[in-house]
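# Remarks on the overall topology
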Amino acid sequence: MARSNSILNPNAREAMDRFKMEAAGEVGVNLKQGYNGDLTARQAGSIGGQMVNLMCPVRSMEFNRISRTTDGYTKTITYDVWLGI
């Protein structure tokens, strides 16, 4: 089955456009309605990256583990977990 990036519901298209505008505002890119061909690749990438960061946040957990070989020594272990939808 072929994949498609087209959005079938018009309300979903409007919501994604609002979400894109919000993400652009957060990273400081002036985005206008319609065609935005004057954006640099860096600006467009920062908007897309911000959208991904908001949709799939990273959660970090830290644990202190006591060393098995050295007395009185602890090691901090950090786990970064991506939460996807």
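Worth saying up front: this structure is predicted, and the values here are computed from it rather than measured.

## Thoughts on the overall build of the chain
Regarding its fold elements, the chain presents two helices and two strands. Ordered by position from the N terminus, the helices and strands of the chain form the series α-α-β-β. Radius of gyration (C-alpha) of the chain: 21 Å, far over the 12 Å computed for a compact globule of 85 residues. In terms of its C-alpha atoms, the chain occupies a principal-axis envelope of roughly 65 × 35 × 20 Å. Split into buried and exposed, the 85 residues of the chain put 12% on the buried side. A separation threshold of at least 6 residues defines the contact pool for the chain, and within that pool the share at least 24 residues apart is 31%. For the chain, the exposed area adds up to about 7,300 Å²; of that, 53% sits on carbon and sulfur atoms. Positive and negative side-chain charges of the chain, numbering 10 and 8 respectively, have mean locations separated by a distance of 6 Å.

## A word on the nonpolar core
One recurring pattern in soluble globular proteins is that nonpolar side chains are buried together. Counting residues in each nonpolar core, the largest one holds seven residues, listed as Phe19, Ala23, Ala24, Val29, Leu31, Ile47 and Met51. Secondary-structure elements contributing two or more residues to this core are α1 (10–27) and α2 (41–55). For this core, the leading source of residues is α1, giving three residues. Aside from chain neighbours lying at most four places away, what touches Leu31 is Lys20, Met21, Ala24, Asn36, Leu39 and Ile47.

## Observations concerning α2
Between its first and last C-alpha atoms α2 spans 21 Å; for 15 residues at 1.5 Å apiece the expected length is 21 Å, and the two agree. Three or more residues of α2 are buried, namely Ile47, Gln50 and Met51. Summarising the axial view, the buried residues of α2 lie within an arc of 100°, below the 170-degree limit, and thus occupy one face. Every exposed residue of α2 that faces more than 90 degrees away from the buried side is listed here: Ala41 and Arg42. In this structure, the buried side of α2 is in contact with α1.

## Considerations on a nonpolar patch on the surface
Taken together, the side chains of Val52, Met55, Val58 and Trp82 present a nonpolar region at the surface, about 370 Å² in accessible area. Its location among the elements puts Val58 in strand β1 (residues 58–66). Here Val58 falls in the partly exposed class, since its relative accessible area comes to 38%.

Cut-offs applied
Residues numbered from 1 in each chain as written. Predicted model: local features only at pLDDT ≥ 70, side-chain atom pairs only at ≥ 80, totals over all residues. Heavy atoms only, no water. Helix = DSSP H or I, 4+ residues; strand = E, 2+ residues; numbered from the N terminus. Rg over C-alpha atoms; globule rule 2.2 N^0.38 Å. Buried < 20%, exposed > 50% of the residue type's maximum accessible area, 1.4 Å probe, protein only. Contact = heavy atoms within 4.5 Å. Areas by Shrake-Rupley, 256 points an atom, 1.4 Å probe, with all protein chains shown as cover. Lys, Arg positive; Asp, Glu negative; His and termini not counted. Charge placed at Lys NZ, Arg CZ, Asp CG, Glu CD. Core = buried A, V, L, I, M, F, W, Y, C linked by side-chain atoms within 4.5 Å. Expected span 1.5 Å × (residues − 1). Arc of directions from axis to C-beta. Patch = residues over 30% accessible without salt bridge, like charges linked within 9 Å, V, L, I, M, F, W, Y side chains within 5 Å. Salt bridge = Lys/Arg side-chain N within 4 Å of Asp/Glu carboxyl O.

Nothing here speaks to function; it is all geometry.
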